[in-house]
Amino acid sequence: MSTSDLALSCRGLRRSFDGVLAVDGFDLDVPTGALMALLGPSGCGKTTALRLIAGLDRPGSGTVHVRGRLVAGDGEWVPPERRKVGMVFQEWALFPHLDVVSNIAFGVDGDASARVASLIELARLQGLEHRMPHELSGGQQQRVALARALAPEPDVLLLDEPFSNLDAQLRAEVRGEVREILTATGTTSVFVTHDQEEALSIADRVAVMIDGAVRQTGDPFAIYAAPADAGVARLVGQANLISAEVSGGFAHSSLGDLPMPTLADGSCDLLVRPEAVAIAPDPAGPARVVDVEFYGHDQLIRCALPSGEHVQVRLIGPHPEFVLGSAVRLELRGQPLALPR
Amino acid sequence: MARAATITVEQGRGRKAPIPLQASALGVTALVLLPIVYLVARALEADASSWRLIMRWRTVSLTLHTIGLAVAVTLAATAIGVALAWLAVRSDMPGRRVWATLFALPLVIPSYVGAFTLLSALGPTGELQRLLEPLGVERLPDITGFPGAFLALTLFTYPYVYLVTVAGIRGLDPAFEEAGRVAGRSRARVFRTVTLPLLRPSIGAGALLVALYTLHDFGAVSLMRYPTFTQAIFLQYKAAFDRTPAAILSLMLAALALVVVVAERRARGRARYYRSGTGVARPLRPVPLGRWRWPALVLSGGVIGLGLVLPGGMLLMLLSRGLAAGTPLNLTIWAAGASALVSGAGAICALVVAAPIAVLGARYPSRRSRSVESLSYMGYALPGLVVALAFVFLASSYMPLLYQTLPLLVIAYVVMFLPQTSEPLRAGLLQLTPRMEEAARTLGRGRGRILKDIVFPLIAKPALAGAALVFLTAMKELPATLLLRPTGFETLSTRVWTSASAGLYSRAAVPALLLMLLSSVPLAVLARRVGVDPEGVRQD
């Protein structure tokens, strides 16, 4: 894919604050029309990266292209108001002195009424046109913020932790609405989140960011099934990482000796998702149950292996037979993924 | 304050205030309303001859002069205050930390001190004239009248707008400006359509202070011989035996001041102002001035030159001249003691008297407690001269024991400056939610311990700031002190006034310098509270 097919392309972005690199070699390609999640732990530089893309901050080095146009880097600098990059702020930043209509119309040139009316309808804000921001509920404020950012028809829309301000119940609901609106307008979007469930469930592409750089990009299934390294694996879903020594085509671990014909000799980590472990009560079994978390539809059972390593097992449905101290036998389902150490 | 107000609603709605609290709050309100009630009663018994004195062309011209000066000063001071605040907080002007402090300093110069230093420098026989005489300049344009009054009041009142605007800009969430930029709007347009409207309440509050100060001002307009209400009222009071015309003129001036207050309230609009987020505030990135730095430096230099360097320099020059001529200093020392005594008494009394009003407003919000609060602002809106005149009349007719005594002067200070203590106290009490006290109760603390460990530590700072503000204002206060002081009792402000109004500028310099020195200490406390220091911690 050449840079012109991409709505957004970042290369080698760097930004440091007081000598500490917040963004360090950040590369990101977002195809036109994609809904991309930028997933990372807090403090990994996600928000800084968004601000560099929006032009709210200048990179120390690296480049940003928006629809093939260089907007930052290589001596070029396009101020935020001329980038056609929209942004939904974490706290929404609705202008408190303007009503809903005026907030949405803020960035529209010329007669804004038709554009505003269609966005009011899209964001289901009918009847609230002349409310002030403080007179709206959290979900409504979120939709106004989204409509305001979409109004100038940006080439790329950035959303900074857009759901963190909502309580858990509302969050699931608003997520769906936001995805519908973004899909309906076909806007290329990048949203930042630290919540893997959020990233996997709404995005069609996920970029995992750790320590200021993107470690892996792919569709949600690929990221979950084949994480590039242990850091990514831990960030995306629950992961048991079991240390293993490979020799002669076998991985020797505390879960047994597994055939790994393609691996070179050495040490590695085996990625074992909790749902890929079978558990059975066995008085002679080597493992012991050390913790049970019951969620209703499933439960998470943590077992200690003789080696001292812990393995989490997910079981669907209630299974009261596993209690603290039970002796159990564990078996792997399918082939675990070996991750370089 | 908007945030504080929302807490109020949740706090003790429907609870009845204890009777002693209600009674003392009502008593305070009655005291504050006393002057205006008396003046109305006095005006109502005016006879035809008094009215004939009032119904003259002169009264219309006084009104126009007063309004004209107030409008001009308010516009100029607001423009300067906002511009300097933006330069000090948001621009990359060279040396902006130093400028940020300098810009607030003209506040320590009372307008009458500023006025006489301007006169001694730029006046008809002033220093500038003397410097230019060898060059053949025979006569400089006369600054007395409107130009002098305008210059003096603008230079020494713009810091009110500056200080509140600085606090306003610092309190502004940068996300609003950023949201404006990514919506495709230029920096200038974002400033006009987002920043300025958000700052409007702060700027409005500062402009209100300037307008009231100008309407209230007696010293500067008198020295500049610019005929406004205060000057006319003073002359009427001095000259005539019948005091009714002075009372009527006072009422007219009071009405003007109240109109200004109401107009500012109306102009606030319905938007509610709040920080967008609760997250850590990002430091604002200074805006590069580019070639605009030169006009910015010229403006800053001009304002500081005229408002700080010139008065300061003139005072030092006059001081050395006075010392050389053997002006005795001991009278000034006594006057300084007298100033500190009455101002300190005023500050303490204003704090004590403010307590019931503040507790009622913060803890028992209701329609009635809101009107008690609004009424307690009455004395603040009234010109000092008007309050003083009412107390002179009242005391001489009904309270001869109080007439020309220090307690009466202190009472007048309390009436005039009450909101300066009640407002910070109320804000402090609002931060102290009843939940905190309830939490302390559940942790096994009795009422006494709660007062000592929680309430007092938390309201000590706002209380101290409020008292410092009253002290500062009372030190500089002129007309009420002049009218209500006991015979022979001289404060620094009255000493400055008697010498300066007689044209003895070098004799006025010593008490003026000492006055500024003593009143700049509370100013430092105040400046810390609103966060003038550009690198200082954000005030919250």
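The structure presented is a predicted model; accordingly, all values stated were derived computationally and were not measured. (Residues numbered from 1 in each chain as written. Chains lettered and ligands numbered in written order. Predicted model: local features only at pLDDT ≥ 70, side-chain atom pairs only at ≥ 80, totals over all residues.)

Enquirer: Help me understand the overall build of chain B, please; the structure alone is not making it clear to me.
Expert: Within chain B one finds 24 helices and zero strands. A fraction of 84% describes how many contacts in chain B between residues 6 or more apart in sequence connect residues 24 or more apart. (Helix = DSSP H or I, 4+ residues; strand = E, 2+ residues; numbered from the N terminus. Contact = placed C-beta atoms within 7 Å.)

Enquirer: Would you mind going over the overall build of chain A with me for this structure?
Expert: Along its length, chain A carries eight helices and 21 strands. Counting only C-alpha atoms, chain A reaches 75 × 45 × 35 Å along its principal axes. Within chain A, contacts between residues at least 6 apart in sequence are counted, and of these 64% link residues at least 24 apart.

Enquirer: I'm lost on the domain arrangement of chain A in this one. Help?
Expert: How large an interface is tends to be reported as the accessible area lost when its parts come together. All names here are of chain A. Domain assignment breaks chain A into domain 1 (3-84 + 154-235) and domain 2 (240-340). On a C-alpha basis, the centroid separation for the pair domain 1 and domain 2 is 34 Å. With five residues of domain 1 in contact, the opposing surface of domain 2 contributes six residues. (Domains from an automatic or database assignment.)

Enquirer: Just to check I follow, could you spell out the sheet that holds strand S8 (residues 156-160) of chain A for this structure?
Expert: To summarise the sheet geometry, strands pair through backbone hydrogen bonds and adopt either a parallel or an antiparallel arrangement. Residue and element names in this part refer to chain A. If you trace the six strands from one edge of the open sheet to the other, you get S7-S8-S9-S3-S10-S11, paired in mixed fashion. Pairing within the sheet leaves two strands with one partner each, and these edge strands are strand S7 (85-88) and strand S11 (213-218). Across this sheet, the average inter-strand angle for adjacent strands is 20°, counted without regard to direction. As paired elements, strand S3 (residues 35-39) and strand S10 (residues 205-210) share four bridges and run parallel to each other. Bridge assignment links Leu39 to a residue of S10, and that residue is Val208. (Pairing = 2+ DSSP bridges. Axes fitted to C-alpha atoms, helices over the stretch in contact; angles between N-to-C directions.)

Enquirer: Can you walk me through the interface of chain B and chain A in this structure?
Expert: Listed per partner, the contact involves 22 residues of chain B and 21 residues of chain A. Looking at the side of chain B that touches chain A, the elements that each hand over two or more residues are helix H9 (174-182) and helix H10 (187-216) of chain B. Per-element tally for the side of chain B that touches chain A: the top contributor is H9(B), with six residues. Grouping the constituent residues of the side of chain B that touches chain A by class yields eleven nonpolar, five polar and six charged. (Nonpolar A, V, L, I, M, F, W, Y, C, P; charged D, E, K, R; others polar.)

Enquirer: How should I be thinking about the packing of helix H6 (residues 111-122) of chain B against helix H14 (residues 293-324) of chain B in this particular structure?
Expert: Residues and elements named next belong to chain B. Between H6 and H14, the least distance of the axes is 9 Å, while the angle of their chain directions is 75°. As judged from the angle between their axes, H6 and H14 are roughly perpendicular. Residues Val113, Gly114, Thr117, Ser120 and Ala121 of H6 lie in contact with H14, whose contacting residues are Leu310, Pro311, Met314, Leu315 and Leu318. Residues that form the contact of H6 with H14 fall into these classes: seven nonpolar, three polar and no charged. (Parallel < 35°, antiparallel > 145°, perpendicular 65-115°, else oblique.)

Enquirer: Please clarify how the domain arrangement of chain B should be interpreted in this entry.
Expert: Residues and elements named next belong to chain B. When cut into domains, chain B gives domain 1 (17-46 + 327-540) and domain 2 (61-273 + 293-317). If you average the C-alpha positions of domain 1 and of domain 2, the two centres end up 23 Å apart. Contact residues are listed per partner, giving 39 residues for domain 1 and 43 residues for domain 2. For the side of domain 1 that touches domain 2, the elements supplying multiple residues, two or more each, are helix H2 (19-44), helix H18 (384-398), helix H23 (492-501) and helix H24 (505-530). When residues of the side of domain 1 that touches domain 2 are assigned to their parent elements, the largest contribution, eleven residues, is made by H24. Residue composition of the side of domain 1 that touches domain 2, grouped by class: 28 nonpolar, six polar and five charged.

Enquirer: Sorry if this is basic, but what is going on with the pairing of strand S12 (residues 240-247) of chain A here?
Expert: The side chains of a regular strand alternate between the sheet's two faces. Residue and element names in this part refer to chain A. Going residue by residue along S12, you find Asn240, Ile242, Ala244 and Val246 tucked away on one face and Leu241, Ser243, Glu245 and Ser247 left uncovered on the opposite face. Taken together, the four bridges between S12 and strand S13 (residues 250-253) define a ladder with antiparallel strand orientation. Bridging from a neighbouring strand, Ser247 pairs with Phe250 of S13. Hairpin connection between S12 and S13: a loop of two residues separates the two successive antiparallel strands, and Gly248 in this loop has a positive phi of roughly 60°. (Buried ≥ 20, exposed ≤ 12 C-beta atoms within 10 Å, placed from the backbone.)

Enquirer: I'm lost on the environment of Lys476(B) in this one. Help?
Expert: Residue and element names in this part refer to chain B. Locating Lys476 in the fold gives a position in helix H21 (residues 447-476). Along the sequence, Lys476 and Val113 sit 363 residues apart, while their C-alpha atoms lie 9.5 Å from each other. If we skip the residues at most four places from it in the chain, Lys476 touches Pro110, Ser493 and Ser519.

Enquirer: Please explain helix H3 (residues 113-122) of chain A as it appears in this structure.
Expert: Because an α-helix packs 3.6 residues into every turn, residues spaced three or four apart end up facing the same way. Residue and element names in this part refer to chain A. Of the positions making up H3, those classed as buried are Arg115, Val116, Leu119 and Ile120. Taken end-on, H3 shows its buried residues confined to a sector of 135°, consistent with a single buried face. Residues Ser113, Ala114 and Glu121 are exposed on H3 and point more than 90 degrees away from its buried face. Buried residues along H3 sit against helix H2 (100-105) and helix H4 (138-150). Positive phi appears at Arg124, one or two residues downstream of H3, with a value of about 50°. (Arc of directions from axis to C-beta.)

Enquirer: Just to check I follow, could you spell out the nonpolar core for this structure?
Expert: Of all hydrophobic cores here, the largest spans 150 residues; its most connected members are Ala350(B), Leu389(B) and Ala412(B). Of the residues forming this core, the biggest block, 15 residues, is contributed by helix H8 (residues 146-171) of chain B. With near-sequence residues (within four places) excluded, Leu389(B) lies in contact with Ile233(B), Tyr237(B), Ala246(B), Ser250(B) and Leu483(B). Among the nonpolar cores identified, the runner-up in size contains 107 residues, and Val85(A), Val190(A), Ala233(A) and Ala183(B) belong to it. (Core = buried A, V, L, I, M, F, W, Y, C linked by C-beta atoms within 7 Å.)

Enquirer: In this structure, what is going on with unusual backbone geometry? I would like to understand it.
Expert: Excluding glycine, most residues fall at negative phi; most peptide bonds, likewise, are trans. Even without being a glycine, Asp74(A) presents a positive backbone phi close to 55°. Along the chain, Asp74(A) turns up in the loop between strand S5 (69-73) and strand S6 (76-77).

Enquirer: Where do I start with the confidence of the model for chain B in this structure?
Expert: As a note on interpretation, predicted positions should not be read in detail where pLDDT is low. All names here are of chain B. Here chain B shows a mean pLDDT of 83. Residues at 70 or above account for 87%. With pLDDT under 50 throughout, residues 531-540 is counted as low confidence; its partners more than four residues away or in other chains account for 24 contacts. The complex prediction reports pTM at 0.76, with the ipTM value standing at 0.71. (pLDDT = per-residue confidence, 0-100.)

Enquirer: Please clarify how the pairing of strand S19 (residues 310-316) of chain A should be interpreted in this entry.
Expert: As defined by bridge partners, strand S18 (residues 298-304) of chain A adjoins S19(A) across seven bridges and the pair is classed as antiparallel. Residue pairing for S19(A): Leu300(A) is matched across the bridge by Arg314(A).

Enquirer: I would appreciate a short explanation of the environment of Gln129(B) in the present structure.
Expert: Residue and element names in this part refer to chain B. Considering the arrangement of structural elements, one finds Gln129 in helix H7 (residues 127-132). On the neighbour-count criterion, Gln129 (16 C-beta atoms within 10 Å) is partly exposed. Separated by 44 residues in sequence, Gln129 and Asp173 have C-alpha atoms that sit 50 Å apart.

Enquirer: Help me out: how do you make sense of the sheet that holds strand S17 (residues 287-294) of chain A in this one?
Expert: Residues and elements named next belong to chain A. Read across the open sheet, the five strands follow the order S16-S20-S17-S18-S19; overall the sheet is antiparallel. The open sheet is flanked by strand S16 (277-281) and S19, the only strands paired with a single partner. For this sheet, the mean inter-axis angle between neighbouring strands, taken without regard to orientation, is 40°.

Enquirer: What's the story with the packing of H6(B) against H8(B) in this structure? I'm lost.
Expert: Each packed pair of helices is defined by two parameters, the angle between the axes and the distance between the axes. Residues and elements named next belong to chain B. Viewed as axis vectors pointing N to C, H6 and H8 meet at an angle of 130°, and their least axial separation amounts to 9 Å. Relative to H8, H6 is oriented oblique. By crossing handedness, the relation of H6 to H8 is classed as right-handed. Contacts from Ser111, Gly114, Ala115 and Leu118 of H6 reach H8 at Gly148, Leu151, Ala152, Leu153, Leu155 and Phe156. (Left-handed = near helix turned anticlockwise from the far one by under 90°.)

Enquirer: Whenever I open this one, the environment of Pro320(A) confuses me. Can you help?
Expert: Looking at the element boundaries, Pro320(A) is found in the loop between S19 and strand S20 (327-332). Owing to 8 C-beta atoms within 10 Å, Pro320(A) belongs among the exposed residues under this scheme.

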